[in-house]
Amino acid sequence: MSLVVFGSLKGAPGVTTLAACVAYQWPRHRRVALVEADADGGAVAPRFGLHPEEPSLVTFAAASRHGVSDTEFWSACQCLPDGPAVLVAPGGESTGAALEQVDFGALDGRLQDTDLLIDAGRLRVGAPAARLRAQADFVVVVIRPRFESLAVLLDRAAGLSERTPLLAVVAGDGPYPVAEIDAALRQTTGDRAWVLGSVAADARGAAALASDAGRARALRRSLLARSARAVTDLLAHLSSAGVSAAPRSDAA
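Counting restarts for each chain, with residues numbered from 1 along the sequence as it is written. Residues qualify for local features only when their pLDDT is at least 70, as the model is predicted, and side-chain atom pairs are given and counted only at 80 or more; totals for whole chains, interfaces and linings, by contrast, use all residues. Side-chain figures throughout are based on the complete set of non-hydrogen atoms in the structure, without hydrogens or water.

1. A look at the pairing of strand E1 (residues 2-8)
Every regular strand shows the same layout, with side chains that alternate between the two sheet faces. The element E1 is extensively covered by neighbouring structure, given that 7 of its 7 residues are classed as buried. With 6 bridges connecting them, E1 and strand E5 (residues 114-122) associate as parallel partners. The residue bridging valine 5 from the neighbouring strand is isoleucine 118, located in E5. Relative accessibility decides the category of a residue: with a 1.4 Å probe and only protein chains considered, values under 20% of the type maximum give buried, values over 50% give exposed, and everything between is partly exposed. Only DSSP runs of H or I with at least four residues qualify as helices, and only runs of E with at least two residues qualify as strands; both kinds are numbered from the N terminus onward. Two strands pair under a simple rule: DSSP has to find at least two bridges between them.

Here's what the structure looks like:
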């Protein structure tokens, strides 16, 4: 099992949209589940027309009080429309309480040939977000190529990458080239963090991804899907290979 945590440090750069798009595009030979583990919660179910509370993260937390099993995990999941499994969070205080109880790392060894893509929302400093990051194989942080976002990223990069490789995905356009961001990350962290790739800021594609009428086309032809494909393929490769050191590439 691999565990990939997606999150942001500042603003709303499109973490849930990217995580969902990656889940839809994940290699078919591996089982994958999108997990909404944002303490604020409540974004995935309404966006994709799913039931907000049953089953959900809260269901899984209640079932796992006496031990975590693969059966309990999959039973708590719904499915993205025409897509993979998803463990939704209802939002509110119940989600925060559930995240305090759930230990996704305990599923390692129980979910065979499975990858968990965890939407953690804002990467907060305290638990349970810190526990999620410690258990992750990779932490993917979505950023805008703007000064205020990059300043926060470089300030926190060393701490975030201390135990787990930190991968940045640059969303949209800005005054800072991706190659410069990559070089600054590597220098700051001693190659424990690097830029995985970039994705287009495509509001129309993001809306179509959640629409029954436009989803198939959006997954094939939208700017979002086309740019996210390279990120997905590289992340899937790194996850399956267990790579823990920054590769040198001209992709950034």
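2. Remarks on the nonpolar core
The criterion is simple. A nonpolar core is a set of buried Ala, Val, Leu, Ile, Met, Phe, Trp, Tyr and Cys residues joined through side-chain atoms within 4.5 Å. Counting residues in hydrophobic clusters, the biggest one holds 42 residues, and the most contacted among them are Val5, Phe60, Phe73, Leu87, Phe104, Leu116 and Ile118. Top element by residues in this core is helix H7 (residues 147-160). It accounts for 4 residues. Formed by 38 residues, the second largest nonpolar core is a distinct cluster that contains Leu18, Val32, Leu50 and Leu238.

3. Describing a positive patch on the surface
Candidates for patches are residues over 30% relative accessible area with no salt bridge; among them, like charges are joined within 9 Å and nonpolar side chains (Val, Leu, Ile, Met, Phe, Trp, Tyr) within 5 Å. Note on areas: these come from Shrake-Rupley sampling with a 1.4 Å probe, and a residue is covered only by the protein chains present in the view. Think of a salt bridge as a Lys or Arg side-chain nitrogen and an Asp or Glu carboxyl oxygen that are within 4 Å of each other. When charges are counted, Lys and Arg contribute as positive and Asp and Glu as negative, whereas His and the chain ends are disregarded. Working definition for charges: the position is that of NZ of Lys, CZ of Arg, CG of Asp or CD of Glu. Together, Arg217, Arg220, Arg221 and Arg226 make up a region of like positive charge exposed at the surface. Among the elements that take part in the positive patch, helix H10 (residues 215-221) stands out by supplying 3 residues, more than any other. Within the secondary structure, arginine 226 is located in helix H11 (residues 223-241).

4. Thoughts on the sheet that holds strand E2 (residues 31-36)
Read across the sheet, 8 strands follow the order E3-E4-E2-E5-E1-E6-E7-E8 without closing on themselves; strand pairing throughout is mixed. Of all strands in the sheet, those bounded by a partner on one side alone are strand E3 (78-79) and strand E8 (193-199). As paired elements, E3 and strand E4 (residues 85-87) share 2 bridges and run antiparallel to each other. Paired with glutamine 78 across the bridge in E4 is valine 86.

5. Regarding the packing of aromatic side chains
Any two rings among Phe, Tyr and Trp, with Trp reduced to its six-membered ring, count as a pair given centres within 6.5 Å; such a pair is stacked if its planes are under 30 degrees apart, edge-to-face if over 60, and tilted if neither. All chains considered together, the criterion is met by 4 aromatic pairs. Aromatic side chains phenylalanine 60 and phenylalanine 104 sit 6.1 Å apart centroid to centroid with 25° between the ring planes, which places their arrangement in the stacked category. Here phenylalanine 60, found in helix H3 (residues 57-63), pairs with phenylalanine 104, found in the loop between helix H5 (93-101) and E5; they are 44 residues apart in sequence, far enough to count as distant. A relative accessible area of 0% places phenylalanine 60 in the buried class. For phenylalanine 104, a relative accessible area of 2% puts it in the buried group. For the ring pair phenylalanine 73 and tryptophan 74, a centre distance of 5.0 Å and an interplane angle of 75° mean the geometry is edge-to-face.

6. Quick look at H7
By this rule the span expected of a helix is its residue count minus one, scaled by 1.5 Å. The end-to-end C-alpha separation of H7 is 19 Å, in line with the 20 Å expected for 14 residues at 1.5 Å each. The largest bend in H7 amounts to roughly 30° and is located at leucine 154. By definition, residues are in contact when any of their heavy atoms lie within 4.5 Å. Where H7 is buried, its residues meet helix H6 (129-135), strand E6 (138-143), strand E7 (166-171) and helix H8 (178-189). One axis fitted to the seven residues ending at a residue, another fitted to the seven starting there: the angle between these axes is the bend at that residue.

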